There are 4 protein chains.
Amino acid sequence: MVSNGNGRPTVSVLGAAGFAGALAARLVQSHPYFELGPVTARADAGKRISDLYPQHRVDRVLEELDLDRHAGTDAAIVAYPHGAAAPVVAELRARGVKVVDLSADFRLRDVATYEEWYVKHPHPELIPEAVYGLPELYREQIAGAELVANPGCYPTASILALAPLARAGLIGDLVIDAKSGVSGAGRGPSASTHFVSVDENVNAYKVPRHRHTPEIEQELGALGNPLTLTFTPHLLPLDQGELVSCYVTLSDPSRATEEIEALYHEAYDGERYVELSRTPAGVRAVRETNICRISVHRDDRTGRLIVFGAIDNLWKGTASQALQNLNLMFGFDESEGIG
Amino acid sequence: MVSNGNGRPTVSVLGAAGFAGALAARLVQSHPYFELGPVTARADAGKRISDLYPQHRVDRVLEELDLDRHAGTDAAIVAYPHGAAAPVVAELRARGVKVVDLSADFRLRDVATYEEWYVKHPHPELIPEAVYGLPELYREQIAGAELVANPGCYPTASILALAPLARAGLIGDLVIDAKSGVSGAGRGPSASTHFVSVDENVNAYKVPRHRHTPEIEQELGALGNPLTLTFTPHLLPLDQGELVSCYVTLSDPSRATEEIEALYHEAYDGERYVELSRTPAGVRAVRETNICRISVHRDDRTGRLIVFGAIDNLWKGTASQALQNLNLMFGFDESEGIG
Amino acid sequence: MVSNGNGRPTVSVLGAAGFAGALAARLVQSHPYFELGPVTARADAGKRISDLYPQHRVDRVLEELDLDRHAGTDAAIVAYPHGAAAPVVAELRARGVKVVDLSADFRLRDVATYEEWYVKHPHPELIPEAVYGLPELYREQIAGAELVANPGCYPTASILALAPLARAGLIGDLVIDAKSGVSGAGRGPSASTHFVSVDENVNAYKVPRHRHTPEIEQELGALGNPLTLTFTPHLLPLDQGELVSCYVTLSDPSRATEEIEALYHEAYDGERYVELSRTPAGVRAVRETNICRISVHRDDRTGRLIVFGAIDNLWKGTASQALQNLNLMFGFDESEGIG
Amino acid sequence: MVSNGNGRPTVSVLGAAGFAGALAARLVQSHPYFELGPVTARADAGKRISDLYPQHRVDRVLEELDLDRHAGTDAAIVAYPHGAAAPVVAELRARGVKVVDLSADFRLRDVATYEEWYVKHPHPELIPEAVYGLPELYREQIAGAELVANPGCYPTASILALAPLARAGLIGDLVIDAKSGVSGAGRGPSASTHFVSVDENVNAYKVPRHRHTPEIEQELGALGNPLTLTFTPHLLPLDQGELVSCYVTLSDPSRATEEIEALYHEAYDGERYVELSRTPAGVRAVRETNICRISVHRDDRTGRLIVFGAIDNLWKGTASQALQNLNLMFGFDESEGIG
């Protein structure tokens, strides 16, 4: 049983050897109200996070997961691959641990869709209780949730960039051309993440079926009309950072640009972690922040809208958003510990 | 008067201090049949190319342009900014010098379109004699031309990527999301080309009106139906290389994928400098080559085609294509001196 | 007169358009006890810092310096080029403003040395009152100082890496091979900071006389014996980060490695911003921190010591160290606002 | 039996899936006089080189090594790890195949030294017949050799940078600080070659004992006096390119700088692949060439010489130098096929 005598909620990080999990452990460790509980890993059990990631300064040994010893925390951040997360989440939930799950396992509300794009779902019975963890859309539901499905990085940027249009029913046709730094591909060494493969290169991957597609469709569809979109990610020679370039054919081309801009201001002027920019949003402006930076442009020749959304894929795209969700789940100000 | 006693055609490079001009000088210098004539520059006159670009090993002093001394070559490559090129081209043509012009001045056939996107045209009377220098489309015309307008880098990749579809009248709606290395921005130091601005960054520029748009529209329109497209370039943290990701809504969605692939093979199987790839084309595969690498993908969920075109913006996008054109203009095999 | 009614000391940043000044403004703005006073610039007066550096989120307009209006703060960080800083510092000191000067103007205690390496010194009379702002060496003096000369980035890393050896009189012969990211070259666009010049490149610059040499000699000499060293900086394709690789021929080769390691632990185990690493120190571990990471290695074949020191040149190398100094000058904990 | 009816010597590449082997295969394929024989690999047998490295355009299937079928070529380039190369080399030599071995197995003339730094030597009896393949030092011996030990990349740059000093007996004390791009670490994916580990980073590795140290000592010692040096390599965020910064304490400090420069001109003015530069040599100037670029600088304050040597580690550092050696072994001009 993991507890602490000072009344601060403890948060474990399961899968803390990966890029996202390790950053989550750092953010929990330096959080003013949470206490970092056990940190676990599989292949890297026995190593110190501070040896794998000296920049995080989390001087803790990674342990193999042992639910009897590790499931006594108030909350857990689960950073497992899809399919592998659900069984652990189920065990944690059975013991009353609040969970923010970084995998895709509880993001899609429709089991059939999940199983079409991923694998057979190990615990479909938990899907109904999961809340999609995009605070700018579901703040209240997250505050009352025990299980939060943290969004994918591409969906985070895409949904925030397009939500005002979706709500207004304005998205007629949609192409999302996404660009990501290499940390989005995870820590596992491979031919495609080798420095020499990425450096001085750019190309698309998982064309034409990337698994974040149905997640974006689900959330934009829930805000307005159902839609089917084209989503194409590209790998870029940079570390952290993700840009989505969204090409929107308006369902109502007569809408004035000012009207559209007003939709964005209405949606986001009160949001701490969304910035509206007049110049095309770039990823350098959001590096190591929980911020999504958005710019909206009208192509008068075609009538099309071009919307850019930039995030740090490891922060707002994953780990700091997990903390934002945890803050809400525990009644703290959502900005505690994430700037 | 510049000449040589060995019967080899001499080629001057005007504007040889820039990235494209200096590379053109290197390619002419090492060409088996051409002889490098005068190399000129404005601000850098008096410097050696080998000091500015040691990698090119062109040990020649840049001179200020003096048409009386420099216009006696058989041909000239003019690497001037748009607007500044046309007057020099006119002088050279008046003296019988064959010209490959790297600027935009003679690419657009319609003066009004040029003047809408650029400046007042200094020599519209020369436009009719200019041939658009994309050998894969206009090989015969180039062979007989005295003035060739070398295509822009984005148009080169975009037109080659889409020509088979345009010819078949299949392009319904079109979005081109382009990504370029920094050499495309030219050699002039500026805030936007500073290493610190580009590194770990990606964002779009010249949204929503980049000047290569009408050039792409002109050429694709000439092959099939007129079209208006959205073109959005992004700056990436790499040196040379350009990728266009083209999203095509087919005018006839019933066409089978095999039929579309057949169009590409028919167009390009005999082309030395076009490669068809099954995996998404990336820029590393074409670095420092005259090759355009293309891949075609069908998004079955939306029916859309996704076509990628990758080039080296300084080679096939500019300087080696200029040599390919010169080879044709002088009756040499178009591959001489460019690999 | 700039003041505030809440009793928090105001700090102006003069020269806040550069990389270091802008970061200093950000750190002052987010500091728990300081208040950001005027921010000034020359060429960029009238622009907002948030437009030049959106990542800093300092929404303030840069003003042209007007000492009558701007010299009423409690302190100033002066981020001017050498030679230009001293006259402004003199004015500020005459009005009682505490100054942290980021230039080289008050780092060298010997006027002749300054004038040999820089220019004629505009205000030599101020040199005696200046304290060299390396808190790990001069913490007490800084606490009592009104004028602090913030160290150069290379000297910060080099002196911290070698101080324990210098104090023990162990440095016989010394070569420092330094590697720096491009932000160290400043924000001014130039051929050498153009992305295309730096990318896929590495070479040395200012060989064999870089101006940080006498500063390192002064400080190491003050701790032990006078020395003359070779210092060679290299420019690397990265943004922030600086590594010094120090090759030390020991004056007493019989000293055991354990003894030497003990010197480092004695010097730094109590220092919050110095980390000792067993593996070779790298810059990624200190990015955007005030930390200097050091590792010490013995080459048994030659007897030589190899000491690595890694910092972020804009943070510990400049701006966060300026805040560390300001904290000491105002009696705050030296870590306030810098992590 | 592999042969060809056109009288061109066939060259196999064993281990052609690695960076160096694949490049060697490309260079052999495009060579005017050699014919590319079998290309082999272990883990990647069955794949096409053109799928692994589309940029090389070697459309050949990698086979598992079968000496009965593959040892009938006129020559072989062996690109195996140290220890694994020697047995294959022995088999090839037994069948009369000329060999250029890229491993370390035959570089060190002293078996004990090899075994101290590497492993037990599998075929020490072959060492005496091997020639060290640095053409600028051993051109004649290479021309008559049947087994050439291709130098390591660091030794290539270091020895060329220092040979004129070694021959003159001028090297008193020596520190070599080396910087390499990531391709030098090989194609195997690992934590240290992951893009995210390398990007925005620089640090040293294999401190203080890198295996290229005795190779440099052997060759410089053979030219002049025996010496023991410090060699420290660093990994940099670039692909291809290697810079050695050599710090030389002269054994005779009274030698004039002009005299030293004369030594370099005497050694290299006639060498096609060595360039002397007045400004500090950088790696971009030699990318994808067989050239070593060298600059020599005198630090008047310490009397020390600073010599920079820049190469492309995959070209002059490995594959193109292998071709240079093969050209000599077969009586061709040493520049055939390598520019």
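In case you missed it, the structure is sitting above this.
For the structure given in this document, a descriptive report is provided here.

Rules used in this analysis
- Residues numbered from 1 in each chain as written.
- Chains lettered and ligands numbered in written order.
- Predicted model: local features only at pLDDT ≥ 70, side-chain atom pairs only at ≥ 80, totals over all residues.
- Heavy atoms only, no water.
- Helix = DSSP H or I, 4+ residues; strand = E, 2+ residues; numbered from the N terminus.
- Rg over C-alpha atoms; globule rule 2.2 N^0.38 Å.
- Buried < 20%, exposed > 50% of the residue type's maximum accessible area, 1.4 Å probe, protein only.
- Contact = heavy atoms within 4.5 Å.
- Areas by Shrake-Rupley, 256 points an atom, 1.4 Å probe, with all protein chains shown as cover.
- Buried area = accessible area lost by both parts, 1.4 Å probe.
- Salt bridge = Lys/Arg side-chain N within 4 Å of Asp/Glu carboxyl O.
- Polar contact = N/O pair within 3.5 Å; in protein donor to acceptor, adjacent residues only side chain to side chain.
- Nonpolar A, V, L, I, M, F, W, Y, C, P; charged D, E, K, R; others polar.
- Least-squares fit on C-alpha atoms with pLDDT ≥ 70 in both.
- Pairing = 2+ DSSP bridges.
- Right-handed = clockwise from strand over helix to strand, strands pointing away.
- Axes fitted to C-alpha atoms, helices over the stretch in contact; angles between N-to-C directions.
- Core = buried A, V, L, I, M, F, W, Y, C linked by side-chain atoms within 4.5 Å.
- Phe/Tyr/Trp six-rings, centres within 6.5 Å; stacked < 30°, edge-to-face > 60°.
- Lys NZ or Arg CZ within 6 Å of the ring centre and 35° of its normal.

The helix and strand tally for chain A stands at 11 helices and 13 strands. Here chain A has a C-alpha radius of gyration of 20 Å; the compact-globule value for 339 residues is 20 Å, and the two agree. Taken over the C-alpha atoms alone, chain A extends approximately 65 × 45 × 40 Å along its principal axes. For chain A, the residues scored as buried account for 63% of the 339 residues in total. Partitioning the contacts of chain A with sequence separation of at least 6, the portion at a separation of at least 24 is 69%. On chain A, roughly 11200 Å² of surface is accessible, and the fraction owed to carbon and sulfur atoms is 48%.

Attention now goes to the interface of chain A and chain D. One frequently used descriptor of interface size is the decrease in accessible area upon assembly of the parts. With 18 residues of chain A at the contact, the number on the chain D side is 18 residues. Note on chain A versus chain D: buried area summed over both sides is about 1400 Å², and carbon and sulfur give 73% of it. Taken as a group, A:His194, A:Phe195 and A:Val196 account for 46% of the area that chain A buries against chain D, more than any other trio of residues on that side. Our enumeration of links across chain A and chain D arrives at 0 salt bridges. On inspection of chain A and its partner chain D, the count reaches 4 residue pairs in polar contact (both at pLDDT 80 or more). For the side of chain A that touches chain D, the element with the highest residue contribution is helix 8 (residues 195-198) of chain A, accounting for 3 residues. Its residues assigned to classes, the side of chain A that touches chain D shows 9 nonpolar, 6 polar and 3 charged.

Moving on to the relation of the copies chain A and chain D. Screw-axis analysis of chain A against chain D gives a translation of 0.0 Å along the axis, an RMSD of 0.0 Å, and a rotation angle of 180°. As the rotation angle and translation indicate, the two copies are arranged about a two-fold axis. For chain A, the smallest separation between a C-alpha atom and the rotation axis is recorded for A:Phe195, amounting to 2.0 Å. Take the interface residues of chain A: 100% of them recur as interface residues in chain D, which is what a same-surface contact looks like.

Another point: the relation of the copies chain A and chain B. Superposing chain A onto chain B requires a rotation of 180° together with a translation of 0.0 Å along the rotation axis, leaving an RMSD of 0.0 Å. Comparing interface residues between copies, 100% of those in chain A also sit at the interface in chain B, which points to an isologous, same-surface contact.

The side chains of a regular strand alternate, residue by residue, between the two faces of the sheet. All names here are of chain B. The two faces of strand 3 (residues 75-78) match: Ala 75 and Ile 77 on one face and Ala 76 and Val 78 on the other face are all buried. Of the strand pairs in this sheet, strand 1 (residues 10-14) and strand 3 are connected by 4 bridges, and their pairing is parallel. Of the residues in strand 3, the one forming a bridge with Leu 14 is Val 78. Two elements, strand 3 and strand 4 (residues 98-101), share 4 bridges in a ladder whose sense is parallel. In the strand pairing of strand 4, Ile 77 is matched with Val 100. Read from strand 3 through helix 4 (residues 85-94) to strand 4, the crossover connection turns out right-handed.

The subject of this paragraph is the pattern of salt bridges. One pass over the full model with this rule turns up 108 salt bridges over all chains. The residue A:Glu259 makes a salt bridge to A:Arg255 at a minimum N-O spacing of 3.5 Å. The exposure class of A:Arg255 is partly exposed, given its relative accessible area of 25%. For the salt bridge of D:Arg57 with B:Glu275, the shortest nitrogen-to-oxygen distance reads 2.3 Å. Residue D:Arg57 is located in the loop between helix 2 (49-52) and helix 3 (67-70), and its partner B:Glu275 is located in strand 11 (residues 274-276); the two belong to separate chains.

Before going further, it helps to examine the pairing of strand 9 (residues 230-235) of chain D. Most of strand 9 of chain D is tucked away, with 6 of its 6 residues classed as buried. What you see with strand 9 of chain D is no split at all: D:Thr230, D:Thr232 and D:His234 on one side and D:Phe231, D:Pro233 and D:Leu235 on the other are buried throughout.

What follows concerns the side chain of D:His121. Residues and elements named next belong to chain D. Position of His 121 relative to the elements: it lies in the loop between helix 5 (111-117) and strand 5 (131-132). Engagement of the side chain of His 121 in a polar contact is seen with the backbone oxygen of Asp 105, the distance being 2.6 Å. Ignoring any residue separated from it by four or fewer positions in sequence, one finds His 121 in contact with Ala 86, Asp 105, Phe 106, Val 111, Tyr 114, Glu 115 and Ile 127.

Of the residues lining the interface, 47 residues belong to chain A; the matching set on chain B comes to 47 residues. For the pairing of chain A and chain B, the buried interface totals around 3800 Å² over both sides, and the portion due to carbon and sulfur atoms is 55%. If you sort the residues of chain A by the area they bury against chain B, A:Glu200, A:Arg284 and A:Arg301 come out on top, with a joint share of 20%. If you look at where chain A meets chain B, you find 8 salt bridges. For the pair chain A and chain B, the interface holds 34 residue pairs in polar contact (both at pLDDT 80 or more). Looking at the side of chain A that touches chain B, the elements with two or more residues in it are strand 7 (171-180), helix 8, strand 8 (203-204), helix 9 (213-223), strand 9 (230-235), strand 10 (242-250), strand 12 (292-298) and strand 13 (305-311) of chain A. Looking at the side of chain A that touches chain B, the element that brings in the most residues is strand 7 of chain A, giving 5 residues. Its residues assigned to classes, the side of chain A that touches chain B comprises 19 nonpolar, 14 polar and 14 charged.

Residue and element names in this part refer to chain A. The strand order 8-9-7-10-13-12-11 describes an open sheet built from 7 strands, whose pairing is mixed. In the strand order of this sheet, the two ends are held by strand 8 and strand 11 (274-276), each with one partner. Note: strand 8 against strand 9, 2 bridges, orientation antiparallel. Bridging from a neighbouring strand, Asn 203 pairs with Leu 235 of strand 9. Of the strands in this sheet, strand 10, strand 11, strand 12 and strand 13 touch helix 10 (residues 257-268), which is tilted by about 170° from strand 12.

For the rest of this paragraph, the subject is the environment of B:Lys47. Residue and element names in this part refer to chain B. As for its position among the elements, Lys 47 is in the loop between strand 2 (35-40) and helix 2 (49-52). The class for Lys 47 is partly exposed, based on a relative accessible area of 40%. In the structure, Lys 47 is positioned 15 residues away from Leu 62 in sequence and 5.6 Å away in space, judged by C-alpha atoms. Ignoring anything within four residues of it in the chain, the contact list for Lys 47 reads Leu 52, Arg 60, Val 61 and Leu 62.

Strand pairing in a sheet relies on backbone hydrogen bonds. The paired strands run either parallel or antiparallel. Residues and elements named next belong to chain D. Here we have 6 strands laid out as an open sheet, ordered 2-1-3-4-6-5, and parallel in their pairing. What marks the edges here is a single partner per strand, and that holds for strand 2 (35-40) and strand 5. The pairing of strand 1 (residues 10-14) with strand 2 spans 4 bridges and is classified as parallel. Looking across to strand 2, one finds that Val 11 is bridged to Leu 36.

With that settled, the discussion passes to helix 1 (residues 19-29) of chain A. Residue pairs three or four apart in sequence face the same way in an α-helix, which turns once every 3.6 residues. Across the 11 residues of helix 1 of chain A, 9 count as buried, placing the element largely inside the fold. Among the residues of helix 1 of chain A, A:Phe19, A:Ala20, A:Gly21, A:Ala22, A:Leu23, A:Ala24, A:Ala25, A:Leu27 and A:Val28 are the ones counted as buried. Taken together, the buried residues of helix 1 of chain A touch strand 1 (10-14), strand 2 (35-40), helix 2 (49-52), strand 3 (75-78) and helix 11 (315-329) of chain A together with helix 8 (195-198) of chain D.

So, about the nonpolar core. Counting 385 residues, the largest nonpolar core has A:Leu162, B:Leu162, C:Leu162 and D:Leu162 as its most contacted members. Discounting residues that sit within four places of it in the chain, A:Leu162 has contacts with A:Ile171, A:Leu174, A:Ile176, A:Leu220, A:Cys246, A:Val248, A:Tyr264 and A:Val307.

Here we take up the packing of aromatic side chains. All told, the structure shown has 38 aromatic pairs over all chains when counted by the stated rule. On the basis of an interplanar angle of 40° and a centroid distance of 5.0 Å, the ring pair of A:Tyr33 and A:Phe332 is categorised as tilted. Of this pair, A:Tyr33 sits in the loop between helix 1 and strand 2 while A:Phe332 is found in the segment after helix 11, placing the two residues 299 residues apart along the sequence. A relative accessible area of 37% means that A:Tyr33 is categorised as partly exposed. Look at A:Phe332 and you get partly exposed, because its relative accessible area is 22%. An angle of 15° between the planes, with centres 5.0 Å apart, marks the rings of D:Tyr114 and D:Tyr118 as stacked. Grouped by ring-pair contacts, the aromatic residues A:Tyr33, A:Phe34, A:Phe330 and A:Phe332 constitute a single cluster. The residue whose ring lies beneath B:Arg42 is B:Tyr80, and the NZ or CZ to ring-centre distance is 5.2 Å.

All names here are of chain B. Between Val 207 and the following residue, Pro 208, the backbone shows a cis peptide bond with an omega angle of 0°. By the secondary structure assignment, Pro 208 is in the loop between strand 8 (203-204) and helix 9 (213-223). Although it is not a glycine, Lys 206 sits at a positive phi angle of roughly 50°. Among the secondary structure elements, Lys 206 is positioned in the loop between strand 8 and helix 9.

That is the geometry; function is a separate question.
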